[in-house]
Amino acid sequence: QVQLVESGGGLVQAGGSLRLSCAASRSISSINVMGWYRQAPEKQRELVAFITKGDITTYADSVKGRFTISRDNAKDMIYLQMNILKPEDTAVYYCYALYFGGNYWGQGTQVTVSS
């Protein structure tokens, strides 16, 4: 099993930046895929970005060029650097891990972007 704990959310003005962090309870070098999802009010949860064990990254079209996902195996952490934030980025952001066929989620962290 994997426990995931997010941090770094908050309130920011449009055009600003935030960095989300996700701490894993086990070595992430053994986790094939980690990523970030988000869920806005009354909307379905959607993929934001993911990163593989081989550092291959994928982004949703809506965040390409603005968000960057990274991982630090030494600290068992992944990050989401979010720049040029827009009001439509407002959502609860969830850390995700795919580990031995199981899907694991953090509790979420709120990101609010004011216009």
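Conventions we followed
- Sequence positions are assigned chain by chain, starting from 1 and proceeding in written order.
- At least 70 in pLDDT is required for a residue's local features to be given in this predicted model, at least 80 for side-chain atom pairs to be given and counted, and no such filter applies to totals for whole chains, interfaces and linings, which use all residues.
- Note that the side-chain values use all heavy atoms of the structure and ignore hydrogens as well as water.
- We call a pair of cysteine sulfur atoms a disulfide when they lie within 2.5 Å.
- Strands are runs of DSSP state E lasting at least two residues, helices are runs of H or I lasting at least four, and both sets are numbered from the N terminus onward.
- Here, a strand pair is defined by DSSP locating no fewer than two bridges between the strands.
- To define axes, lines are fitted to C-alpha atoms, for helices over the stretch in contact only, and angles between the resulting N-to-C directions are given on a 0 to 180 degree scale.
- Counted as salt bridges are all cases of a side-chain nitrogen of Lys or Arg within 4 Å of a carboxyl oxygen of Asp or Glu.
- When a residue's accessible area, from a 1.4 Å probe over protein chains only, is under 20% of the maximum for its type it is buried; when over 50% it is exposed; and in between it is partly exposed.

Enquirer: Talk me through the state of the cysteines; I want residue IDs and the actual numbers.
Expert: Taken as a whole, this structure holds 1 disulfide when the rule is applied. Covalently, Cys22 is tied to Cys95 through a disulfide, its sulfur atoms 2.0 Å apart. Judged by the torsion about the S-S bond (-85°), the Cys22/Cys95 disulfide is left-handed. Placement of the pair is Cys22 in strand S3 (residues 18–24) and Cys95 in strand S9 (residues 91–99), with a sequence separation of 73 residues.

Enquirer: Could you give me a rundown of the sheet that holds strand S1 (residues 4–7), with the residues and numbers involved?
Expert: As summarised here, the arrangement of the 4 strands in space is S1-S3-S8-S7, forming an open sheet in which the pairing is antiparallel. Only two strands of the sheet have a single neighbouring strand rather than two, namely S1 and strand S7 (67–72). Averaged over all neighbouring strand pairs, the angle between strand axes comes to 15°, with direction disregarded. Here S7 pairs with strand S8 (residues 77–82) via 6 bridges, running antiparallel.

Enquirer: Before we move on, can you summarise the pattern of salt bridges with the specific residues and values?
Expert: The full count for this structure, using the stated rule, is 4 salt bridges. Ionic pairing is found between Glu46 and Arg38, a salt bridge with its closest N-O pair at 2.7 Å. Classification of Glu46 as partly exposed rests on a relative accessible area of 36%. A salt bridge links Asp61 to Lys64; the nearest nitrogen and oxygen atoms lie 3.1 Å apart. It is possible to trace a salt-bridge network through shared partners that takes in Arg38, Glu46, Arg66 and Asp89.

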